[in-house]
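# Residue-level structure breakdown
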Amino acid sequence: MLDDDLDILDSKEFCRECFLPLIKGDNWSEGKAKAKNYICDYCFREEKMRQRKANPWKYKLKALRGSLKTRGLPDAEVTEWELREIYEEQRGLCVFCGEWLDPCSSNCHLDHIVPTSAGGLTEKDNIQFLCEKCSYGKWKFSSEEYVRHCQRVAKWYSK
Ligand SMILES: [Zn+2]
Ligand SMILES: [Zn+2]
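Conventions used here
The numbers attached to residues start from 1 for each chain and follow its sequence in the written order. Naming scheme: in the order in which they are written, chains are lettered from A and ligands are numbered from 1. Reporting in this predicted model follows two pLDDT cut-offs: at least 70 for local features of residues, and 80 or more for side-chain atom pairs to be given and counted; totals over whole chains, interfaces and linings ignore these cut-offs and use all residues. Counting from the N terminus, the helices are the DSSP runs of H or I reaching at least four residues and the strands are the DSSP runs of E reaching at least two. Each radius of gyration reported is based on C-alpha atoms, and the globular scaling rule is 2.2 Å times the count of residues to the power 0.38. Any residue whose C-beta has 12 or fewer other C-beta atoms within 10 Å is treated as exposed, any with 20 or more as buried, and any in between as partly exposed, C-beta atoms being built from the backbone. Here contacts are defined at the residue level, using C-beta atoms placed from the backbone and a cut-off of 7 Å between them.

## A short note on the overall build of the protein
When its secondary structure is counted, the protein shows 7 helices and 2 strands. Scaling as 2.2 N^0.38, a compact globule of 159 residues should have a C-alpha radius of gyration of about 15 Å, whereas the protein reaches 22 Å, well beyond that. Along the longest, intermediate and shortest principal axes, the C-alpha atoms of the protein span 70 × 35 × 25 Å. Here the protein, with 159 residues, has 16% of them falling under the buried criterion. Long-range contacts, defined as pairs at least 24 residues apart, comprise 46% of the intrachain contacts of the protein with a sequence gap of at least 6.

## Notes on unusual backbone geometry
In this structure, F19 takes a positive phi of about 65° despite not being glycine. With respect to the helices and strands, the residue F19 is situated in the loop between helix 1 (2-10) and helix 2 (30-34). Overall, the presence of 10 C-beta atoms within 10 Å leaves F19 in the exposed class.

Structure below.
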């Protein structure tokens, strides 16, 4: 195993994308060297970004399932295709403020219409996409509660 690693280091491997020499621990992480994945860290990030752009919903679902699991909540009963459908039904706009949401950016938040704290499930009918501000503002409240509060804020603050 160790001999193998040294071979890789000595043999001066090159990135399959940009052809720069791969240097373990510098532009070639240990994991990739072990797996003999001949791609530099930079090109690897670019490749991941391209994949994410090609199908952001796959990554959204993965992140969602991870967060449900850490919070001890039931697994998602929604597919990546359904997430895409929800987004398209919203025409890519935040349900509350109408801001356009780039599905690859951190500004595209998945929100439970009926919050999980109130027993809301992670299924198609209970999911909407919100911008970051509306998502944090709504927090654990229902859509009605949040909108009522926004109206109150707008009224009071503009006095
Ligand atoms: Zn490269
Ligand atoms: Zn918004």
